[in-house]
Amino acid sequence: MASFFRSNVDAMAPYVPGEQAPPGTKIIKLNTNENPYPPSSQAMSVLQNIDSEYLRRYPDPYANEFRQAVSDVLGVPRDWIIVGNGSDEILNVLIRACSEGVRKIVYPMPTYVLYRTLGAMQPTETIEVSYGEDFKLPIEELVAANGAVTLIASPNSPDGHAVPIDDLRCLASRLEGVLAIDEAYVDFAEESALALLNEFDNVISLRTLSKGYSLAGLRLGFGIANPKILSGLFKVKDSYNIDAIACAVGEKAMRDQFYKNECCQKVKLNRTKLALSLQKLDFKVWESQANFLFVQPPNAKAEALYLELKQHGILVRYFKQPGLDDKLRITVGTDEQNQTLTDTLSNILYNCL
Ligand code: PMP
């Protein structure tokens, strides 16, 4: 036997996560779209009061305490909700449950790079349809690709555009397979695609507590869809995929909508201010409904700028891929972090490069 692995595992590229910076270091981390504000204090207080019985026993396999909070807050039935170890896990479960042979995975590019990794592991083809310069949803090409799962991130990463609901509606009505709308950044957007779940039985919305709720380290996400879709996903997920602490902390964070909305409001305000400051430095800035900005620095200096910023203790995301290699994705930070970023950029552009 030449290899330990299946041929498509041998052939695939590994997923490369954003660079890490240990908490407590002085690095300004604007590369993985974390929320710059702390999680809800009501959620954090759960950690002081965890009963040891909570950890001695296996957790609830369905995370019902958390599901109930989602149900109460979003007004969807509890049995329309599946909880995952981050929304990444729900993506993984969905793709594993649906794909094989002619049952393909389809998505427009550029988008969240994990879709390619998850697709590459499956015994099926992954079809990548190009978005084009204007980021208009390529509906005809997506329909023609006829995926068992079609993945659309809205707002999309890396550029931050939100796909118009009417385009998603049109796509849902024309697809036979599942349309997964990845709404990881919905808390910073103007509208959500939730209404489509009542109109179509092939739509799932994927959400996370990593962004709007400042809980990326907790690993908690969820999917909302009718039980016709969820029944298959429940068969495929790990038995105890949500630990007891994540379930309890997540429940309180979900119920503290006031705090979450306040943080997201601040991020949205900072996003507008940061976009203006970058435009003043001659950056092209894409319209974003997420907690990051996709930008093209003046004179195609993206890689050099990324490296210089790193030298100055600021991490942003640079994608070394054709089409993205002259651009950067910058997470919106606090006012103070954004000010340091723009001061440093101005200094580098006018003195170093
Ligand atoms: N979807 C998109 C578009 C993302 O950018 C991310 C975060 N990297 C995720 C999903 C995954 O989020 P989670 O932390 O819930 O796994």
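Calculation rules
- Residues numbered from 1 in each chain as written.
- Predicted model: local features only at pLDDT ≥ 70, side-chain atom pairs only at ≥ 80, totals over all residues.
- UniProt positions renumbered as here; feature names shortened; annotations may be inferred.
- Helix = DSSP H or I, 4+ residues; strand = E, 2+ residues; numbered from the N terminus.
- Contact = placed C-beta atoms within 7 Å.
- Buried ≥ 20, exposed ≤ 12 C-beta atoms within 10 Å, placed from the backbone.
- Core = buried A, V, L, I, M, F, W, Y, C linked by C-beta atoms within 7 Å.
- Domains from an automatic or database assignment.

1. Some details on the UniProt feature "modified residue: N6-(pyridoxal phosphate)lysine" (unreviewed entry) in the protein chain
- Mapped onto the present numbering, the UniProt feature "modified residue: N6-(pyridoxal phosphate)lysine" (unreviewed entry) falls at Lys-211.
- Mapped onto the elements, Lys-211 comes out in the loop between β7 (203–208) and β8 (221–224).
- When neighbours within four sequence positions are excluded, Lys-211 is seen to be in contact with Asn-33, Asn-35, Ala-184, Tyr-185, Asp-187 and Asn-291.

2. A short note on the environment of Glu-65
- Looking at where Glu-65 falls in the secondary structure, it is placed in helix α4 (residues 64–74).
- When the C-alpha atoms of Glu-65 and Met-12 are compared, they prove to be 38 Å apart, with 53 residues separating the residues in sequence.
- Excluding its chain neighbours within four sequence positions, the residues that come into contact with Glu-65 are Asp-60, Cys-247, Ala-248 and Glu-251.

3. Points about unusual backbone geometry
- Of the consecutive residues Ser-154 and Pro-155, the connecting peptide bond is found in the cis state with omega at -5°.
- If you trace the backbone, Pro-155 turns up in the loop between β5 (149–153) and α8 (165–174).
- Here Ser-157 and Pro-158 are connected by a cis peptide whose omega angle stands at 15°.
- Summarising the element assignment, Pro-158 is placed in the loop between β5 and α8.
- Of note, the phi angle at Asn-146 is positive, near 55°, even though the residue is not glycine.
- According to the C-beta neighbour criterion, Asn-146 is partly exposed, with 15 such atoms within 10 Å.
- A positive phi is found at Arg-219, a non-glycine position, where the angle reads about 60°.

4. A few points about the nonpolar core
- If you look at the biggest cluster of nonpolar residues, it comprises 95 residues, and the most contacted ones within it are Leu-94, Val-149, Val-178, Leu-179, Ala-180, Ile-204 and Val-316.
- Of all the elements, helix α11 (residues 244–255) adds the most residues to this core, at seven residues.
- When we break this core down by domain, the ones giving at least three residues each are domain 1 (23–36 + 258–352) and domain 2 (41–255).
- When neighbours within four sequence positions are excluded, Val-178 is seen to be in contact with Leu-94, Cys-98, Ala-148, Val-149, Asn-202, Ile-204 and Ile-229.

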